[in-house]
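# Commentary on secondary and tertiary structure
Residue-level listing of the chains:
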2 protein chains.
Amino acid sequence: MKNKQGNKIRIKDIAARAGVSPGTVDRVLHKRGEVAEETRRQIMEIVDQLGYEPNLVAKSLAMKKTCRIAVLMPDPANDNPYWEKPEFGILHAAREVKDFNTSVSIYNFGMNSEKSYLNAFSELMKEPPDGLIFTPIFYHSSFDIIRECEEHSIPYIFMNMRLDGCNNLAYFGQNAIQSGFLAGKLLHFSLQEHSKILIVKPNSHQGTGFHLQRREKGFLSFFLSGSNVKDIQCHEAETDPYKREVLFRDLDKAFEQYPNISGIFITNSRASKIAQYLYERGRKGLMLVGYDLVNENVDFLERGIITFLIGQKPEEQGYKSILAMFNYLMADKHMEKTNYSPIDIIMKENIDYYKNYKF
Amino acid sequence: MKNKQGNKIRIKDIAARAGVSPGTVDRVLHKRGEVAEETRRQIMEIVDQLGYEPNLVAKSLAMKKTCRIAVLMPDPANDNPYWEKPEFGILHAAREVKDFNTSVSIYNFGMNSEKSYLNAFSELMKEPPDGLIFTPIFYHSSFDIIRECEEHSIPYIFMNMRLDGCNNLAYFGQNAIQSGFLAGKLLHFSLQEHSKILIVKPNSHQGTGFHLQRREKGFLSFFLSGSNVKDIQCHEAETDPYKREVLFRDLDKAFEQYPNISGIFITNSRASKIAQYLYERGRKGLMLVGYDLVNENVDFLERGIITFLIGQKPEEQGYKSILAMFNYLMADKHMEKTNYSPIDIIMKENIDYYKNYKF
DNA sequence: CATCCTTCCGTGTACGCACACGGAGAACTG
DNA sequence: CAGTTCTCCGTGTGCGTACACGGAAGGATG
């Protein structure tokens, strides 16, 4: 039998063994001096020997320290329902850490407005938090934010997106290039030889284009690598999937230009819009690969119009970002700098187990 | 700004509002009577109004109650390295709940020995635990175990495998039929028309065969459904993948009988053995689909000899089983009865994000 | 030798909750 | 009306840790 139960070794026990009072042990454990070297050494020996581990429950109860974590992310209500998912994870984590004297505040901004981004940040800086989690969508302003964080010694974590060369504690998000590569593989897998693929590139008004470019890069690199044994060709179409007329016009044009397209890859989460197009135009049998389990996408996946969705566990990204910051601030626990979420391959046959994320 | 921070409403606050002492509020909250109905009503009103939620940290510190959770599962050392994974999750959960007066003890048995199964159970029943988590591998003995649990009023959770018609609190595991169905889809996807598939059926000495049968059933049901538009044929071969000579002999025989097999599906976690066979025999270009991210499988997946692995997050199954039992015993939180783990589709291109499970 | 400071350590209180104990007052008994 | 029981409620202590405070012993200083 393997027993992993509480050692039940308390500060008091160590004190008794060492013949001192609990206060002394505490001073040693917290390295706040005022203990004779000989006594310190002896106590540390007993600590190591008994394998003392502090009771985190009692610790947090006694701790006066409270910590405030701020989150700066796009508004799920205004822009893209995708952002409900990280928010869901964040709220879940917030509930878990609430009783540990930790509060979480979410500040939202509009994805189309760099100004609202900076406004939300200065709003949260009215009471500087102990740690910041944010999604650095806008390139230049993000560096302003980073600078200000570093001036105030506020540690920060990137969620969902990241910038290179920063002193962020960590990044929780996806490996966009690799996910694009995988998308390429999936289409290659399911298509006949000499097929043609259309890559739909949303002309992003904002900084989020960064991600999309990487996905595309990964996608293309699959077909440029030796893996393209089926000699599949890629074409591109730039459009605005948020505007129905524009999208339909651009897709019509693309199909006119390349009539025998049999696979489509779209680099953002608007695959449902393409699916709607295919449905209305009566084009069947095409493979369609996109990103993210937003409701509309899930619908079309279940109806068989979207073939694959690539998931990235956005709920988990939010959840883990909060917990990592919490552990860093309250327990001095450090983390890996890069934390890629899994690249989930989701089809009609396994969507059921992904669509409602359970913690 | 959305703020999800601690309400900071304590029993003391409620007492002050109601003009009574904290002890009275406590009696009301714990429904242990000795409070005048009028007072009770008034206090409950304030509780609802202020939205009081107990501080779980302080609660568990003050709680005298301790709880012991026992786990009964196959020995990872003796049998199948697969079982290291649920154990990993269990140990992780054990660490998290340790400071909440909860201990976790793991009892192992050999998958080939129904006797060791019952032995381990009676061993753990020497001190009956407050809750039991187990993998009901052996059909009949499992019902003995269940009966004894119910006599002692010990709640139990099925992990990884389950029996129908029981009063288990919950099941954490996979949907074996659906995962087989998905495997069928994957092979169908990646094969040409009129291909032939070989299903390798391990002749399981033990009760674990249950799972394997369901996977096979799901697999076949895909090809029997209208989905088999490519007219792919399935053949079967029973063998013992644990014994190299037997396996090689049986596979040689199968390839002789059906020379143009281009896809193989194996229903348990020994895909690596088939891969080894294909490698040694120089058979390339076959699609091979199997289960579980045990090291050998991961190796062959990375080398491109295994095409797909189906994962089921065994670490999470272990972790969630413990946490669910903990929440049930210590916080009266109830759970869903059926908790399927996701059916992860894993290829060479996304294995990196699955092989080392991170909590 | 009195005074003061330094070094080292013990004691006490608080964190929010659970629960045991006991006490005040009403109600009931003989 | 003294004595007993019962109802309802306040107080106190402990869970394991953090930290403030203060105290004893010893040395330094005048």
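Treat the numbers as computed from the prediction; the structure is a model and nothing was measured.

As a further point, take the packing of helix α11 (residues 271-281) of chain B against helix α12 (residues 295-302) of chain B. All names here are of chain B. Packing of α11 against α12 leaves a shortest axis separation of 8 Å and a crossing angle of 40°. Looking at the two axes, α11 sits oblique to α12. Between α11 and α12 lies a crossing whose hand is left-handed. Touching A271, S272, A275 and Q276 of α11 are E296, N297 and F300, all from α12. Split into classes, the residues belonging to the contact of α11 with α12 amount to three nonpolar, three polar and one charged.

Next up on the list: the protein's contact with DNA strand D. Neighbouring residues of DNA strand D: 22 residues in total, closest A:H30, B:S21, B:T24, B:A36 and B:T39. When the atoms of DNA strand D within 4 Å of the protein are sorted by group, sugar and phosphate make up 63%. Here A:N55 contributes a backbone N or O atom positioned 3.3 Å from a phosphate oxygen of DNA strand D. Within the backbone of A:A58, a nitrogen or oxygen atom sits 3.4 Å from a base nitrogen of DNA strand D. Listing elements by their share of the surface near DNA strand D, those giving two or more residues are α4 (56-62) of chain A together with α2 (22-29) and α4 (56-62) of chain B. Counted by class, the surface near DNA strand D contains 10 nonpolar, six polar and six charged residues.

Let's shift gears to the sheet that holds strand β10 (residues 287-291) of chain A. Residues and elements named next belong to chain A. Reading across the sheet, the six strands line up as β8-β7-β9-β10-β11-β13 and stay open at both edges, with mixed pairing between neighbours. At either margin of the open sheet sits one strand with a lone partner, and together these are β8 (233-239) and β13 (344-346). Recorded for the sheet is a direction-independent mean angle of 20° between the axes of neighbouring strands. Sheet topology places strand β9 (residues 261-266) next to β10; three bridges connect them, and they run parallel. When the sheet's bridge partners are listed, F265 is paired in β10 with V289. Its contacts with the sheet put helix α9 (residues 209-224) on β7 (196-202), β8, β9 and β10, and the angle it makes with β7 is roughly 165°. On top of the sheet, helix α10 (residues 244-257) reaches β7, β8 and β9; it is set at about 155° to β8, its chief contact.

The next subject is the protein's contact with DNA strand C. Around DNA strand C sit 22 residues in total, of which A:S21, A:T24, A:A36, A:T39 and B:Y52 are the nearest. Close to the protein, within 4 Å, the atoms of DNA strand C belong to sugar or phosphate groups at a rate of 66%. A distance of 3.4 Å is found between a base nitrogen of DNA strand C and a backbone nitrogen or oxygen belonging to B:A58. Mapped onto the surface near DNA strand C, the elements with two or more residues apiece are α2 (22-29) and α4 of chain A together with α4 of chain B. Counted by class, the surface near DNA strand C contains 10 nonpolar, six polar and six charged residues.

Of the two same-sequence chains, chain A is brought onto chain B (RMSD 0.1 Å, axial shift 0.0 Å) by a rotation of 180°. The operation mapping one copy onto its partner corresponds to a two-fold rotation axis. When the interface residues of chain A are mapped onto chain B, 100% of them are again interface residues, pointing to one common binding face.

All names here are of chain A. Under the domain assignment used here, chain A contains domain 1 (11-54), domain 2 (67-174 + 314-342) and domain 3 (176-311). Between domain 2 and domain 3, the C-alpha centre-to-centre distance is 30 Å. Across the boundary between the two partners, domain 2 contributes 15 residues, which contact 18 residues of domain 3. Carbon and sulfur atoms make up 49% of the surface buried where domain 2 meets domain 3, a total of about 1300 Å² over both sides. The tally of links from domain 2 across to domain 3 stands at six residue pairs in polar contact (both at pLDDT 80 or more).

Let's shift gears to the interface of chain A and chain B. Each side of the interface is counted separately: chain A has 60 residues, and chain B has 60 residues. Buried area between chain A and chain B, both sides added, is near 5000 Å², and the carbon and sulfur share of it is 58%. At the boundary of chain A and chain B, one finds four salt bridges. Residue B:E53 is joined to A:K98 by a salt bridge in which the shortest nitrogen-to-oxygen separation is 3.1 Å. Scanning the region where chain A abuts chain B turns up 19 residue pairs in polar contact (both at pLDDT 80 or more). Looking at side-chain class alone, the side of chain A that touches chain B contains 27 nonpolar, 17 polar and 16 charged residues.

Residues and elements named next belong to chain B. Helix length check: helix α7 (residues 139-151), at 13 residues, gives a terminal C-alpha distance of 19 Å against a target of 18 Å (1.5 Å per residue), a fit within 8%. Those residues of α7 that fall on the buried side of the exposure criterion are S141, S142, I145, I146 and C149. Buried residues along α7 cover an arc of 145° about the axis, so they all sit on one side. Exposed residues pointing more than 90 degrees away from the buried face of α7 are listed as H140 and E151. Buried residues along α7 sit against β2 (67-74), α6 (114-124), β4 (131-134) and β5 (156-159). Directly after α7, the chain includes S153, whose backbone phi takes a positive value near 55°.

Bringing the packing of aromatic side chains into the picture now. Residue and element names in this part refer to chain A. A complete count under the given rule lists 46 aromatic pairs over all chains for this structure. Relative to F158, the ring of F134 has its centre 5.4 Å away and its plane inclined at 70°; by these criteria the two rings are edge-to-face. Placement of the pair is F134 in strand β4 (residues 131-134) and F158 in strand β5 (residues 156-159), with a sequence separation of 24 residues. For F134, a relative accessible area of 0% corresponds to the buried category. Given a relative accessible area of 0%, F158 falls into the buried group.

The rules behind each value
- Residues numbered from 1 in each chain as written.
- Chains lettered and ligands numbered in written order.
- Predicted model: local features only at pLDDT ≥ 70, side-chain atom pairs only at ≥ 80, totals over all residues.
- Heavy atoms only, no water.
- Axes fitted to C-alpha atoms, helices over the stretch in contact; angles between N-to-C directions.
- Helix = DSSP H or I, 4+ residues; strand = E, 2+ residues; numbered from the N terminus.
- Parallel < 35°, antiparallel > 145°, perpendicular 65-115°, else oblique.
- Left-handed = near helix turned anticlockwise from the far one by under 90°.
- Contact = heavy atoms within 4.5 Å.
- Nonpolar A, V, L, I, M, F, W, Y, C, P; charged D, E, K, R; others polar.
- Near = heavy atom within 4 Å.
- Polar contact = N/O pair within 3.5 Å; in protein donor to acceptor, adjacent residues only side chain to side chain.
- Pairing = 2+ DSSP bridges.
- Least-squares fit on C-alpha atoms with pLDDT ≥ 70 in both.
- Domains from an automatic or database assignment.
- Buried area = accessible area lost by both parts, 1.4 Å probe.
- Salt bridge = Lys/Arg side-chain N within 4 Å of Asp/Glu carboxyl O.
- Expected span 1.5 Å × (residues − 1).
- Buried < 20%, exposed > 50% of the residue type's maximum accessible area, 1.4 Å probe, protein only.
- Arc of directions from axis to C-beta.
- Phe/Tyr/Trp six-rings, centres within 6.5 Å; stacked < 30°, edge-to-face > 60°.

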